[in-house]
Amino acid sequence: MSGYANKIGAHGLVWAGGWSESDARFSIASTKEAGYDVIEILLMNPASIDAAMTGRLLDEYGIEATASLGLALATDVSSEDPARVKAGQAKLSEAFGVARDFGATYVGGVLYGALTKYAAPASPRGRENSIASVRALCDEAADSGITLGLEIVNRYESNLLNTARQAVDYVREVDRPNLVIHLDTYHMNIEEPDNYSAVLTCGDLLGYVHVGESHRGYLGSGSVDFGGLFRGLAAIGYDGWITFESFSSKVVMPELSHTLAIWRDLWDDSMDLATQARAFIDAQLRGVDSIKHH
Ligand code: MN
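Throughout, a residue's number is its position along its own chain's written sequence, starting from 1. For a predicted model such as this one, the threshold for reporting local features is a pLDDT of at least 70, and the threshold for listing and counting side-chain atom pairs is 80 or more; totals across whole chains, interfaces and linings nevertheless cover every residue. Heavy atoms from the whole structure form the basis of all side-chain values; hydrogens and water molecules are not counted.

### Quick word on the packing of aromatic side chains
Part 1: When two rings of Phe, Tyr or Trp (its six-membered ring) have centres within 6.5 Å they constitute a pair, described as stacked for plane angles under 30 degrees, edge-to-face for angles over 60, and tilted for the intermediate range. Throughout the structure, instances matching the rule amount to six aromatic pairs.
Part 2: For the ring pair Tyr 106 and Trp 241, a centre distance of 5.2 Å and an interplane angle of 45 degrees mean the geometry is tilted. Here Tyr 106 is found in strand E4 (residues 106–114), whereas its partner Trp 241 is found in strand E8 (residues 241–244), with 135 residues between them in sequence.
Part 3: Burial here depends on accessible area, computed with a 1.4 Å probe over protein chains only, as a share of the maximum for the residue type. Under 20% is buried, over 50% is exposed, and the range in between is partly exposed. Judged by relative accessible area, Tyr 106 falls into the buried class, the value being 1%. A run of H or I in DSSP becomes a helix once it reaches four residues, and a run of E becomes a strand once it reaches two; helices and strands are each numbered from the N terminus.

### Thoughts on the sheet that holds strand E6 (residues 179–184)
Part 1: Two strands qualify as a pair provided that DSSP identifies no fewer than 2 bridges between them. On the basis of which strands lie adjacent, the closed barrel formed by eight strands has the order E1-E2-E3-E4-E5-E6-E7-E8 and parallel pairing. Taking the axes of each pair of neighbouring strands and ignoring which way they run, one obtains an average angle of 30 degrees across the sheet.
Part 2: Judged from the four bridges that link them, E6 and strand E7 (residues 206–211) form a sheet pairing that is parallel. Bridging from a neighbouring strand, Asp 184 pairs with His 210 of E7.
Part 3: Note on contacts: a residue pair is in contact if any heavy atoms of the two residues lie within 4.5 Å. In this description, a line fitted to the C-alpha atoms serves as the axis of each element, helices being fitted only across the stretch in contact, and the angle between N-to-C directions of two axes falls anywhere from 0 to 180 degrees. Sheet strands in contact with helix H7 (residues 195–202) are E6 and E7, and its direction is about 175 degrees off that of E6.

### A word on empty space enclosed by the protein
Part 1: Cavities and pockets are found on a 1 Å grid laid over the protein atoms alone: a cavity is a set of points where a 1.4 Å probe fits but cannot escape, a pocket is an open set with protein on both sides within 12 Å along at least five of seven lines, and a lining residue has an atom within 4 Å of such a point. Grid points are joined across faces, edges and corners, and a volume is the space filled by probe spheres set on the points. Enumeration over the complete set of coordinates arrives at three cavities of 30 Å³ or more.
Part 2: Considering only enclosed or pocket space, the largest cavity measures out at about 160 Å³ in volume.
Part 3: Surrounding the largest cavity, 21 residues form its lining, Leu 115, Glu 151, Glu 245, Leu 256 and Leu 260 being those nearest its centre.
Part 4: In terms of residue count, strand E3 (residues 64–71) provides more of the lining of the largest cavity than any other element does, three residues in total.
Part 5: Under the scheme applied, nonpolar residues are Ala, Val, Leu, Ile, Met, Phe, Trp, Tyr, Cys and Pro; charged residues are Asp, Glu, Lys and Arg; polar residues are all the others, including Gly. Of the residues assigned to the lining of the largest cavity, the class counts are nine nonpolar, six polar and six charged.
Part 6: Taken as a whole, the second largest cavity encloses approximately 60 Å³ of empty space.
Part 7: Lining of the second largest cavity is provided by Gly 12, Leu 13, Ala 16, Gly 18, Trp 19, Ser 27, Glu 40, Ile 41, Leu 42, Ile 49 and Met 253.
Part 8: A per-element tally of the lining of the second largest cavity places strand E2 (residues 38–42) first, with three residues.
Part 9: Classifying every residue of the lining of the second largest cavity gives seven nonpolar, three polar and one charged.

### Some details on the pairing of E8
Part 1: Residues of E8 alternate between two faces, with Trp 241 and Thr 243 on one and Ile 242 and Phe 244 on the opposite face, all of them buried.
Part 2: With three bridges connecting them, strand E1 (residues 8–11) and E8 associate as parallel partners. Its bridge partner being in E8, Ile 8 is matched across the sheet by Ile 242.
Part 3: Note on handedness: a clockwise path from strand one over the helix to strand two, with the strands aimed away from the viewer, defines a right-handed crossover. In this region the chain leaves E7, passes through helix H8 (residues 226–235) and returns to the parallel neighbour E8; the handedness of that crossover is right-handed.

### A few points about the pattern of salt bridges
Part 1: The salt bridge definition used is simple: a Lys or Arg side-chain nitrogen within 4 Å of an Asp or Glu carboxyl oxygen. A full pass over the atoms with the stated rule returns 13 salt bridges.
Part 2: Taking the shortest distance from any N to any O, the salt bridge between Glu 80 and Arg 125 comes out at 3.6 Å. Within this pair, whereas Glu 80 is found in the loop between E3 and helix H3 (82–101), its partner Arg 125 is found in helix H4 (residues 124–142), the two being separated by 45 residues in sequence.
Part 3: By relative accessible area, which is 39% here, Glu 80 ends up partly exposed.
Part 4: A salt bridge links Glu 245 to Arg 216; its shortest N-O distance comes to 3.3 Å. Placement of the pair is Glu 245 in the loop between E8 and helix H9 (254–257) and Arg 216 in the loop between E7 and H8, with a sequence separation of 29 residues.
Part 5: Its relative accessible area of 4% is what places Arg 216 among the buried residues.

### Thoughts on H8
Part 1: H8 sits mainly inside the fold: seven of its ten residues count as buried.
Part 2: All of the buried residues in H8 are Phe 226, Gly 228, Leu 229, Phe 230, Gly 232, Leu 233 and Ala 234.
Part 3: Residues of H8 that are buried in the fold lie against helix H6 (185–191), H7, E7, E8 and helix H10 (270–289).
Part 4: Side-chain atoms alone can form a polar contact between residues adjacent in sequence; in general such a contact is a pair of N or O atoms within 3.5 Å, and within protein one must be able to donate a hydrogen while the other accepts it. One side-chain oxygen at the N-terminal end of H8 lies 3.3 Å from the backbone nitrogen of Gly 227; it belongs to Asp 225.
Part 5: The positive-phi residue at the C-terminal boundary of H8 is Gly 237, with phi of around 70 degrees.

So this is what it looks like as structure tokens:
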């Protein structure tokens, strides 16, 4: 029997691009059927999510939820424009309310700036605005029992946090207990020296992991060093969420899929994709469990 405590999640865009009641039921039921514990629900448009319906379906299928979003330029808390910072704080606050109402205890993503290709590096004042915003949002989220995760993404999707090292410095400056680092192997594969050392750099600050392939498709069919990642997770005793993330132009949420440049069909059978990924993650975790105590 496996000896790991991690909850294993599936990203919502493995299943459906929207969140109508039929989308939600299909996504949650499929998450269960594919052997996962958790579904990560997209909150790009928090007002479009029916939290009561979502919570009811999660209970019906015995699936937990986490939530994620990325800000846009109009809601960029790392902007020098106070109006954009304020709009970003309002958007995040709205997202936390919806996540709390459907029972999530984790909200992650690019919460510290816009999810976009910037034309210039982050400015010191923009970084200060980002840190102050995230600190205030941590305090607000703590009232709802929510942990915030800062997802570290590649240079084409943020100009602020591209590496584990930058994230550790940033999180220490924010200095709040309900703030964690969220690593994603797709991004790490572009920016980190290697996956093992990036995990060790985060150490106890690591609170969420996205497992995704270098081309966002089937796990094991690209260039990501999953062995390095999972040995790192074993080395730090990571027992948090691990969520499978994959995108294809077969399942589209325009607000996110287009931002992430999902132009190709890397798969068309969500259930086949998700069951393969679930077995892949299980094999990796069972493998490294054997080295945890030696
Ligand atoms: Mn991710």
